[in-house]
Amino acid sequence: MRHLLLCAPMLAAVAFAQQTTTPNPGIVDSPDELQKLKNSCSSFQISSISACAEELFTGHPFHIAVGSIAPQNGFGGGLAYVGATNTDNWRITWNADAIASNNGSWRAGAYANFIHSSNQAPRPVFGSKNIDINLVSLPEHAIYSLYAQATSLNKLTYFGLGEDSPESGRSFFGMREIIAGGKVVAPVNNRLKVSVTAEINGRFVDLRPAQGQPSPSIEQLYTDATAPGLSRQPGFFQSGEGIRMAPVFASDIIRLNYNANYQQYVASGSGYSFQRLTFDLGHQFALYSKSTRSLLPRVGNGPDDCSINPSDKTASCPPVVRNLEGSFGFRMLSVFSVTQGSNMTPFYFQPTLGGSDINGAMSLPSYQDYRFRAPDLLLLQQSFEHSIGTLPIGILLTADEGKLGLTRGDLGSARWLHSFGAGLTIRAGGFPVISLMFAFGGHEGTHTIANVNTSLLGGGSRPSLY
C-alpha cells in the first residue's frame, strides 16, 4: 500500500482522465521541456492533472523514473532521460535512468536501440472496398540493442533448493549485479511475426551478508554445498540464441507470444558453467479486439520510452484512454538447466517460484517472494483481466500451478504447487503498470503484493537478472 501512496500523482492522472488525451508528436529531443511542463502543470485545475502527470512521468527528454526495484527492496524513484536521432535508414534511440529505493537499494542503466527503419517504396494494392487495416501486415525492422545496467539489492531471501525447502530455512543476503552487452532481433517472417534473436552479455555478481533482518544471514545457514556459488562469484560470459513468434489471428482476438531461448553461461575453471533452455508460450484472447491493448513490451523501445512506433520520427506515447477492455490469458513456462561433469548452476542464477521473482514477475503469488528455487521448473498461469467500465482500472484474477526439480528427471515426480490471486491493475497511457494483488490457496498462508512495473507501459524490457 505504501507503494501505491507514493504513486499518488499517477493515480490522480487516471482518476481525472475523462477523455482520450491526444499526445504531442514532437521530436524526442525537443528542447522546450520546461515550456511543456509550464503549459501542462501551471494550472491547478482538475482537468490539467492528467496532462501534468503524463509530462512528469513519461515526458521527453526528461521525466521522473519510478518503479519497484525487486521484491523486498522497496519502491524506487529517480530520473530518466530519453533521446533519439533519425537518418534515412536508421532510427537511433537511447535512454538512461537511475533510481534508489527506500531501503537503500538502487539501479542505474543506459540502453540504446539501433532500428533499421528503411521501408520499401509504396505500391498500390487492389482489394475490397472499406477493407480494415491489418496491422499484422506492417513490416517489422531489425533492431540492434546495447545496454549496461548495475543493480544493488539489499534484501533477498534464500530458503534452500527445491520445492521441499522448509519455511524455517529462510535466510537473507544482498547482491550487486552488473550486466553489459547487446542483443539483435532480426525479423524473418512478417505475417507470423517471427524473429530470430542473439545476445552477448558479461555478468558480474557480488554477494554480501544481510544483517539486521528477521532471519539469519545466508552464510550462517548455508555453504557452497547447499547454496552453490555462495563463497565465490566468478564473472560470466553469457551468450544466447532464440526465436520468437507473436502472430495475431481472428481479427486481433487471438494473440500469441512464443519465445524459445538457448543460453550459455561460461565461467572458465570455476565449476559453475551451465546452459539453459527456456520455452515461454504466452496466449492472450481479447474480448474486445479493437480496444483491448496488447500486453507485450515494444522490442524497439528502451524501458523509459513509451513511443508507439519505434521506426516513427516522432515520440508519441499511448494516450490515456477510457475504453472497455478485457482478455483471458494462458501461459506455459519451462526452464531446463544443463551442466557438464561436476559443474553446478549457481543458486543466484536459478529461477524461482513464489510471490515475485527477482525481475518482478509474479508466480505462485500466495507464497513468499523467492520461496522455491531450482535449476528446472514448469509453470502454468491462467488469468482474466477486465476494465471496470471504461476506466483504465482493471480487475485481475489469476490461477498458477508450478513445480520444480533439481534435475529434469525430478520434474516428473515433483508435486504441483497451486496459488490463486485477485486484485486490481492500472494501465493508463504510458504510465508504469500498477498492480495490487491478494493471493491465497497455497499451503503457507496468504500474500499481498503491491508492484509498480520497472518499465513504462509500452516500453522495452530490462535485461534479466538471472
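What you see is a predicted model, and the numbers here were worked out from it, not measured in a lab. (Residues numbered from 1 in each chain as written. Predicted model: local features only at pLDDT ≥ 70, side-chain atom pairs only at ≥ 80, totals over all residues. Heavy atoms only, no water.)

Under the criterion given, the structure shown has four cavities of 30 Å³ or more. One number sums up the size of the largest cavity: a volume of about 170 Å³. Together, 17 residues line the largest cavity, and R293, E325, E385, S387 and R427 are the ones closest to its centre. If you list the elements that add at least two residues to the lining of the largest cavity, you get β12 (326-338), β15 (376-387), β16 (393-405) and β17 (417-426). In terms of residue count, β15 provides more of the lining of the largest cavity than any other element does, three residues in total. Classifying every residue of the lining of the largest cavity gives five nonpolar, eight polar and four charged. Here the second largest cavity is characterised by a volume of approximately 90 Å³. (1 Å grid on protein atoms, 1.4 Å probe; cavity = no way out; pocket = protein on both sides within 12 Å on 5 of 7 lines; lining within 4 Å. Points joined across faces, edges and corners; volume = space filled by probe spheres on them. Helix = DSSP H or I, 4+ residues; strand = E, 2+ residues; numbered from the N terminus. Nonpolar A, V, L, I, M, F, W, Y, C, P; charged D, E, K, R; others polar.)

Considering the arrangement of structural elements, one finds S68 in strand β1 (residues 62-68). Judged by its relative accessible area of 6%, S68 falls in the buried class. (Buried < 20%, exposed > 50% of the residue type's maximum accessible area, 1.4 Å probe, protein only.)

Residue-level pLDDT values for the chain average 87, and 83% of them are 70 or greater. Low pLDDT, under 50, characterises residues 1-6; the predicted model gives this stretch 11 contacts beyond four residues in sequence or across chains. Note on residues 127-138: pLDDT is under 50 here. Beyond four places in sequence and across chains, it has nine contacts. (pLDDT = per-residue confidence, 0-100. Contact = heavy atoms within 4.5 Å.)

All chains considered together, the criterion is met by 17 aromatic pairs. Judged by centre distance (5.4 Å) and plane angle (80°), the ring pair of F173 and F347 falls under edge-to-face. Pair noted here: F173 is in strand β6 (residues 171-189) and F347 is in the loop between β12 and β13 (352-353), with a separation of 174 residues, a long-range link. Three or more aromatic residues link up through ring pairs in this structure, and these residues are Y158, F173, Y222, F236, Y265, F274, F347, Y348 and F349. The ring centre of F159 lies 4.7 Å from the NZ or CZ of R371, which sits over that ring. (Phe/Tyr/Trp six-rings, centres within 6.5 Å; stacked < 30°, edge-to-face > 60°. Lys NZ or Arg CZ within 6 Å of the ring centre and 35° of its normal.)

Okay, helix α4 (residues 49-58) next. In terms of burial, α4 is a largely internal element, seven of the 10 residues being buried. Every buried residue of α4 is accounted for by S50, C52, A53, E54, E55, F57 and T58.

Moving on to the pattern of salt bridges. Applying the stated criterion across every chain, the model contains 11 salt bridges. The partner of D280 in a salt bridge is R331, with the nearest N and O atoms 2.9 Å apart. Here R331 lies in strand β12 and D280 lies in strand β11 (residues 274-286), a separation of 51 residues in the sequence. Relative accessible area serves as the criterion here: at 24%, R331 is assigned to the partly exposed category. E444 is the partner of R371 in a salt bridge, and the nearest nitrogen-oxygen pair spans 2.9 Å. Taken as a pair, R371 in the loop between β13 and β14 (372-373) and E444 in the loop between β18 (434-440) and β19 (447-452) lie far apart in primary sequence, 73 residues in all. Looking at E444, the relative accessible area reads 25%, which means it is partly exposed. One network of salt bridges, in which partners are shared, links D97, D304 and R462. (Salt bridge = Lys/Arg side-chain N within 4 Å of Asp/Glu carboxyl O.)

Quick look at a nonpolar patch on the surface now. Among the surface-exposed residues, I388, I395, L397 and L424 lie close enough to one another that they form a single nonpolar patch of about 320 Å² accessible area. With respect to the helices and strands, I395 occurs in strand β16. (Patch = residues over 30% accessible without salt bridge, like charges linked within 9 Å, V, L, I, M, F, W, Y side chains within 5 Å. Areas by Shrake-Rupley, 256 points an atom, 1.4 Å probe, with all protein chains shown as cover.)

Turning next to unusual backbone geometry. Look at the link from H60 to P61: it is a cis peptide, with omega at 0°. Mapped onto the secondary structure, P61 falls in the loop between α4 and β1. Phi is positive for D252, which is not a glycine, with a value near 70°. The topology assignment puts D252 in the loop between β9 (248-249) and β10 (254-266). With a relative accessible area of 29%, D252 lands in the partly exposed category. One non-glycine residue, L364, lies in the positive phi region at around 45°. Among the structural elements, L364 can be located in the loop between β13 and β14.

Attention now goes to the pairing of strand β2 (residues 75-86). For β1 and β2, the ladder comprises seven bridges, and the chain directions are antiparallel. Bridge assignment links S68 to a residue of β2, and that residue is F75. Here β1 folds back onto β2, and the loop between the two strands holds six residues, one of which, Q72, carries a positive phi near 80°. Linkage of β2 to strand β3 (residues 90-101), two consecutive antiparallel strands, is achieved through a turn of three residues. (Pairing = 2+ DSSP bridges.)

What follows deals with the side chain of T352. Examined against the element boundaries, T352 turns out to sit in strand β13. Classification of T352 as buried rests on a relative accessible area of 9%. Aside from chain neighbours lying at most four places away, what touches T352 is D357, S363, Y370, F372, R373 and L377.

Turning our attention to the environment of V335. Positionally, V335 belongs in strand β12. Looking at V335, the relative accessible area reads 3%, which means it is buried. Through-space distance from the C-alpha of V335 to that of D280 is 8.6 Å; in sequence the pair is 55 residues apart.

Structurally, A227 can be placed in the loop between β7 (194-209) and β8 (236-245). Considered as a pair, A227 and L161 are 66 residues apart in the sequence and their alpha carbons are 7.6 Å apart.

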